[in-house]
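# Survey of secondary and tertiary structure
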Amino acid sequence: MTRVSIRRASLCALLCFLLAGPVPPLLAQGLGGTGTVQGTVTDPSGAVIPGATVVLSNALAQFERQAVTDGQGAFAFTNVPQDTYALIVTLEGFQTVRRTVRVRSAVPIALDVELSLAATSTTVVVHGSEQSLVANVPTARTNLDAATIKALPIQGSNPSGLSELLALAAPGVVADSNGFFHPLGDHAQTEFSIDNQPVPDQQSRVYSNQLPLDAVQSTEVVAGMPPAQYGDKTGLIVNIITKSGLGHQQPQGSVSAQYGSFGTGTGDVTLGFGRDGWGNFGLVNGYRSNRYLDGPEFKALHDTGDSISAFDRVDVRPTPEGGTLHLNLLYGRSAFQIPNTYDEQVAGQQQQQRITTINVAPGWSQTLTSNLLITANAYARHDAVTYQPSPDPFSDTPATIAQHRTLLNSGGTFEVSYFKGVHNIRAGANVAFWQLHEDFSLGLTDPGFNAPCLAASGSPDAGPLPAGGCGAAGLTANDAYLPALAAYDLTRGGSLFHFNDSGLIKEQSAYAQDSISLKQLTLDLGARFDRYDGLSRATAFEPRLGVSYQLPTGGVLRAAWGKTLETPYNENLLLSSATGAGGLANTVFGAVGGTALVPARRRIWTVGASQPIGSWVVVEVNYLSKYTTNAFDFDTLFNTPIAFPIEWAKSEETGIDGKVTLLPHHGFSAYTVFGHAHALFFNPETGGIVFNSPLATRAFLIDHDQKFEQTTSVQYSFPGRLGAWATLTWNYESGLVNGSVPDYATALMLTADQQAAIGLYCGSTFATPTMGITACNSPTFGATRVVIPAAGTENDATNPGRIAPRNLFDLGVGVDNLLLSADERRRVSVRLTIINLMNKEALYNFLSTFSGTHFVAPRSVAVQVAYHF
C-alpha cells in the first residue's frame, strides 16, 4: 500500500467515524480505561433527595471528587480511574452513609443510597488508613490525580511536563535528559494510552510534542506485568485521562503567565464548558526559553527554543440515556537550537531542529446492558522532524548532518467490557499502521576524524592518503581508518552521503482477559495475540497471568507472570535497518547491519506487597524480573539528538521498586518512590550506524543500570482562606553506568572541554575548557562528576564507570486564593517554583553512545500568576 493510500484510508476512517449515525440508548459511561460511578439518593420512604453532597475519594491517590444530587436525586462521577474508593453521602438531618466502591471496569456502577433520618446532625470524618483503600489487583499501579500533579514543582507549560511528572512520582522511573526517562531498567519501553489511544512512539522533547500537562485529569502508571490490552512497549504503561467539559454547568478555566531564569516565559489558557449532554475542554499554551534543552555544558550555549501546543476535547451525549462520543485534537509545534559545547561554540556551530505534531482521535462508548459496554476508537498521529545543519557545513564537527523524517501512526481499537458477579471481562482488537519516511545526509568536516595516516607525534595527518601509502610520505598508517568513509569525507574531496526511503509497518492484535474476584482473592487470566508486519515479521501468543490476595490487615500480596512482544522503535528505523545495504554502518562505521530489526520477545514475572502501617502510612514494594531476546536500545549520532534504534542479542533485567506514602494529616502529606535496576545486556549489536560492539566482555551493564534512586516529596497545606501551600522534593541518584571513562588514563586523553565537563582533577589542579590535564603525578586524582574505576579494576559486567551520585532539591510554594475571594471559583493564584535549589552541577550522562552528554539544569526560578474562573 502506498503512502498516499494509507493517508487516504486513515482520513476516510476518521471521517466515517465522525459522521456515524445515531447510537442506541445507554447509561452514562467513561472511557474504556476508566469507570463511572452513578446512583440515586432516597429517603426511607423511597422519595428522591435533591441537594445531598456525595464525595468519592481515595487518599492514597489524593483523589477526591464531589457532586450534589440533582432534582431527581441523581449523581454521577465519570472518568474515574480504576481503583478502590470511599463514597460518602451527607445531608443535614440525615445520617451520613459511607460505602466502599471498587471500580474494576468501564461498565458503569449504579448505586442506590438510602439516607436514614437522624435526631441530630452527624458528621463523619474519614481519615488515615480508612481512606487508604489499597487496590486488590495483581499488577502494581500508581494513580496520580490532578491535585497531585498541581502540587509538584514542575514549571508551567513545560514541553516535557508529562515526563517530569513520571520521574517525580512513579516508582522505579529514572530521569534522563530532555524529558527522557528509563522505566524499570529499560531504555525507553514506555507506552502511553491517552483516552484509549495507544501512543507507543517516543515522547521526549527531541522526538515529539507531548500532551500538555494541564490537559491531564488523571494518570494511572502500570509497572511490571501489564494487562492483556497493552502491547508494543510494556516497560511502563501510562494510562492518561484528559480533562472534559461534560457536565459543567458554568464555564471553568484559567489564564496564567510565568517568567523566570534563562528568559523563560510561558502563557497558558484553559477553558471547560458544557452541559449534561455535551462538553468541551480546550487549552492553548506557549513556552520560550534560552535553555530549552539539556546541553553538554552546565552553561547554556546556543540553546534557545520555543513551543506552542493546542488541545481540545469534545464530548457529546445527546440524551441522558444516550451514547458518548468524544473527539481529541492536538497540535504541537516546537523549534529549538541544538546546544553547543565550548569547542562547538568557538567553531560557530548553529544546528537547529523543528518538530510538528498533529493528532486526531475520535472515540465512542455505549452500554448495551447494565453489564455490557463497548468502546471504539480511531486515531491518526503525525510527527514531522526536521534537523538543520549550520549554514557553513564546516562549522559542524565532526560532521555536517541534515534530516527530515515523518511518522504517521493511524489505526483503531474495539473493546467489549462485561462486568457481572465475580467476573470482569475485557476483550478487544487493535489495528495499527506506521507510515515512515526518512531523508538523511551526512558528510565529515573534521580531517582528524578519519585520517588515513598519523604523524610521528601520533596526531592525525590532515592530508589525503598518499599515492604510495602512509610510509612513502614518512607517516604511519592509522589502524582506526575506515576506507569506505572516505567517500563522504568533505575535507578530502568526498561528497555527502544521502539516504531517502519510505516504509510501512502494520500490526494487528487481539486480546481477552478476565479478572475474577473471589472474596479476598483476585485472579487475572488473560492472553494476547500480536502480528507484526514491517521491515521484519513476527507473531506471538502472549499469556498474561496474575493473582493477588487481600490480607486481614488491609494489605495486598500479588504476583504476575507473562510474555510480551516488544516492537522496534520507529524513529529512524529505516536507515538503522538498512546499514550495510545502501546505508553507512556495515561498510563505513562497522556496525552489523543489512537485516531489519526484529521484534523482541520478553518474559516477565513480578511479586509485590502493599501494606498500611498504622493510620497514616502505606508501604508498597515490588520485585521485577525481565528476560528479553533481541533487547532494544538507542544509538546516538555524535553530539546530536538524532538516534537510531539498535538491538542486542538479549538482556537480563531485575529490579526492586516501591513507594511509601504518608496520607494527608493536619495539612501534611508526603511520599517516597524508589527503585533499583540491574540491566545486563549481551553482544552482539545489530542496527544503528555507529559501532558499539564487540565490547571487552560479551555481557555488560548498560547505561540505564543504576544501583539506587529515590524521590521524596513533602507537602504542607496551610489552614485558612489564602490556600497557601509548599512542596519540597529531594531526588537522589546513585549514578547510571558511564562506559566512556573506564580509567584515569583514558580521561587524560579527552579534550580539555570534555575533561572540564567531568570535573577532572590532578591534586589541586582542575581541568578547564581551555586548559586540560595531560599527565598526573599526584597521588590525589579523579573526577567530581563521574566515578572512574581504579586502574585495572574496570569490568563492563561488574564494575563499570558511572555518573557520580547526586542530590537535587526542588521547591514549590504558592497561594491559591491571593485576594481572599469569597467565590473560590473566581480567584487569583501565585506560585514560585525553584528547580535545582542548591544549583548542583551534575551530569545525566557523558559521551554515551546511547544518549550523548547532558548536564542537569542549573538553578532556575520562575513565578507564575494565574486567574481562575
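Residues numbered from 1 in each chain as written. Predicted model: local features only at pLDDT ≥ 70, side-chain atom pairs only at ≥ 80, totals over all residues. Heavy atoms only, no water.

Further remarks concern the overall build of the chain. Counting its secondary structure elements, the chain contains seven helices and 46 strands. Whereas a compact globule of 869 residues would reach a radius of gyration of roughly 29 Å, the chain reaches 28 Å, a difference of no more than 12%. Taken over the C-alpha atoms alone, the chain extends approximately 110 × 60 × 45 Å along its principal axes. Each of the 869 residues in the chain was classed as buried or not, and the buried ones make up 58%. Taking all contacts inside the chain whose residues are at least 6 apart in sequence as the whole, residues at least 24 apart take part in 68%. Accessible area of the chain: about 32300 Å², with a carbon and sulfur share of 61%. Here the chain carries 52 positive and 69 negative side-chain charges, and the mean point of each set is 5 Å from the other. (Helix = DSSP H or I, 4+ residues; strand = E, 2+ residues; numbered from the N terminus. Rg over C-alpha atoms; globule rule 2.2 N^0.38 Å. Buried < 20%, exposed > 50% of the residue type's maximum accessible area, 1.4 Å probe, protein only. Contact = heavy atoms within 4.5 Å. Areas by Shrake-Rupley, 256 points an atom, 1.4 Å probe, with all protein chains shown as cover. Lys, Arg positive; Asp, Glu negative; His and termini not counted. Charge placed at Lys NZ, Arg CZ, Asp CG, Glu CD.)

Turning to the side chain of Asn836, a few remarks are in order. Within the element layout of this structure, Asn836 appears in the loop between strand S43 (827–835) and strand S44 (843–848). Accessibility expressed as a relative area gives 2% for Asn836, which makes it buried. Apart from the residues lying within four places of it in its own chain, the contact partners of Asn836 are Leu808, Phe809, Asp810, Val856, Ala857, Pro858 and Arg859.

Further remarks concern the environment of Leu454. Mapped onto the elements of the fold, Leu454 is located in strand S24 (residues 453–454). Counting along the chain gives 92 residues from Leu454 to Gly546, while the straight-line C-alpha distance between them is 62 Å. In contact with Leu454, not counting residues within four places along its chain, are Ser459, Pro460, Asp461, Leu475, Thr476, Ala477 and Asn478.

Further remarks concern the sheet that holds strand S11 (residues 190–194). An order of S8-S13-S14-S11-S12 is seen for the five strands of this open sheet, with the pairing classed as mixed. If you trace the sheet from one side to the other, it starts and ends with strand S8 (140–145) and strand S12 (197–199), each paired once. Here the average twist between neighbouring strands, direction ignored, is 20°. In this sheet, strand S14 (residues 236–242) lies alongside S11 in parallel orientation, the contact comprising five bridges. Each residue of the ladder has a partner; that of Ile194, found in S14, is Ile240. (Pairing = 2+ DSSP bridges. Axes fitted to C-alpha atoms, helices over the stretch in contact; angles between N-to-C directions.)

As judged from the 19 bridges shared by strand S31 (residues 617–636) and strand S32 (residues 643–665), these two strands associate in the antiparallel manner. Along S32, the bridge assignment pairs Thr629 with Lys650. In this antiparallel pair of consecutive strands, S31 and S32, the connection spans six residues, and Phe638 shows a positive phi of 55°. Pairing geometry for S32 and strand S33 (residues 668–687), over 17 bridges, is antiparallel. Note on S33: the bridge partner recorded for Ile656 is His676.

Counted under the stated rule, the structure contains two disulfides. Note on cysteine connectivity: Cys453 is disulfide-linked to Cys470, with sulfurs 2.0 Å apart. Here the disulfide of Cys453 and Cys470 is left-handed, its torsion about the S-S bond being about -85°. Taken together, the positions of Cys453 in strand S24 and Cys470 in the loop between S24 and strand S25 (476–477) put the pair 17 residues apart, joining distant regions of the chain. For Cys453, a relative accessible area of 1% translates into the label buried. Between the sulfur atoms of Cys762 and its disulfide partner Cys776 the distance amounts to 2.0 Å. Taking the torsion about the sulfur-sulfur bond, which here is approximately 90°, the covalent link between Cys762 and Cys776 counts as right-handed. Taken together, the positions of Cys762 in strand S37 (residues 760–762) and Cys776 in the loop between strand S38 (765–766) and strand S39 (781–783) put the pair 14 residues apart, joining distant regions of the chain. Counting only the cysteines that take part in disulfides, in the order they occur along the chain, gives the pairing 1-2, 3-4. (Disulfide = S-S within 2.5 Å.)

Turning next to the sheet that holds strand S3 (residues 63–68). Overall, antiparallel pairing links the four strands, which are arranged S3-S2-S5-S6 in an open sheet. Looking at the sheet topology across the chains shown, the edges are occupied by S3 and strand S6 (97–102). Neighbour-to-neighbour, the strand axes of this sheet turn through a mean angle of 20°, independent of strand direction. Where strand S5 (residues 84–90) and S6 come together, six bridges link them in antiparallel fashion. Within the sheet, the bridge partner assigned to Ile88 lies in S6 and is Arg98.

A separate point is the packing of aromatic side chains. As enumerated under the stated definition, the model contains 24 aromatic pairs in all. Ring centres of Trp648 and Phe700 lie 4.8 Å apart, and the angle between their planes is 65°; this geometry places the pair in the edge-to-face category. Of this pair, Trp648 sits in strand S32 while Phe700 sits in strand S34 (residues 699–701), placing them 52 residues apart in sequence. Given the relative accessible area of 1%, Trp648 is considered buried. Taken together, the ring pairs connect Phe180, Tyr207, Tyr569, Phe632 and Phe634 into an aromatic cluster. Directly above the aromatic system of Tyr292 lies the positively charged group of Arg205, at a separation of 5.3 Å from the ring centroid. For the cation-ring pair, Lys650 lies above Phe682, with the distance from its terminal atom to the ring centre recorded as 4.6 Å. (Phe/Tyr/Trp six-rings, centres within 6.5 Å; stacked < 30°, edge-to-face > 60°. Lys NZ or Arg CZ within 6 Å of the ring centre and 35° of its normal.)

Evaluation of the coordinates by the stated rule reveals 21 salt bridges. Between Asp489 and Arg492 there is a salt bridge; the shortest N-O distance is 2.7 Å. Exposure remark for Asp489: the relative accessible area of 2% places this residue in the buried category. Ionic contacts of the salt-bridge type, sharing partners, join the residues Asp186, Arg602, Lys626 and Glu653 into one network. (Salt bridge = Lys/Arg side-chain N within 4 Å of Asp/Glu carboxyl O.)

Let's shift gears to the side chain of Thr34. In this structure, Thr34 sits in strand S1 (residues 34–42). In this structure Thr34 touches Asn79, Val80, Pro81, Gln82, Ser105, Ala106 and Ile241, once residues within four positions along its chain are discounted.

Okay, the confidence of the model for the chain next. For the chain, per-residue confidence averages 89 on the pLDDT scale, and residues scoring 70 or more make up 91% of the total. Residue range residues 1–28 is modelled with pLDDT below 50. Its contacts to residues more than four positions away, or to other chains, number 53 contacts. Every residue in residues 120–131 is under pLDDT 50, and counting partners more than four places away or in other chains gives 21 contacts. (pLDDT = per-residue confidence, 0-100.)

We now examine the environment of Tyr230. By the secondary structure assignment, Tyr230 is in the loop between strand S13 (216–223) and S14. Using a relative accessible area of 9% as the deciding quantity, one classes Tyr230 as buried. Expressed as a C-alpha distance, the spacing of Tyr230 and Ala170, which sit 60 residues apart in the sequence, is 19 Å. Discounting chain neighbours no more than four positions away, the residues touching Tyr230 are Glu191, Ser193, Ile237, Asn239, Arg528 and Arg544.

As for its position among the elements, Lys243 is in the loop between S14 and strand S15 (252–260). Residue classification places Lys243 among the partly exposed positions, given a relative accessible area of 23%. Counting along the chain gives 270 residues from Lys243 to Gln513, while the straight-line C-alpha distance between them is 28 Å. When near neighbours in sequence (up to four residues on either side) are disregarded, Lys243 contacts Asp214, Ala215, Val216, Gln217, Phe281 and Arg313. At 3.1 Å, the side chain of Lys243 and the backbone oxygen of Asp214 are in polar contact. (Polar contact = N/O pair within 3.5 Å; in protein donor to acceptor, adjacent residues only side chain to side chain.)

Bringing helix H3 (residues 161–169) into the picture now. Within H3, eight of the nine residues are buried, leaving the element largely enclosed by the surrounding structure. Those residues of H3 lying buried are Gly161, Leu162, Ser163, Leu165, Leu166, Ala167, Leu168 and Ala169.

What follows is about the nonpolar core. Core analysis: the biggest nonpolar cluster contains 45 residues, and Ile401 and Phe440 have the highest contact counts within it. Breaking this core down by element, the ones donating at least two residues are strand S20 (352–369), strand S21 (372–388), strand S22 (399–420), strand S23 (423–444), strand S26 (497–518), helix H5 (573–577), S31 and S32. Sorting elements by how many residues they give to this core places S23 first, with six residues. If you look at the next biggest cluster of nonpolar residues, it comprises 35 residues, including Leu162, Leu168, Leu184 and Val199. (Core = buried A, V, L, I, M, F, W, Y, C linked by side-chain atoms within 4.5 Å.)

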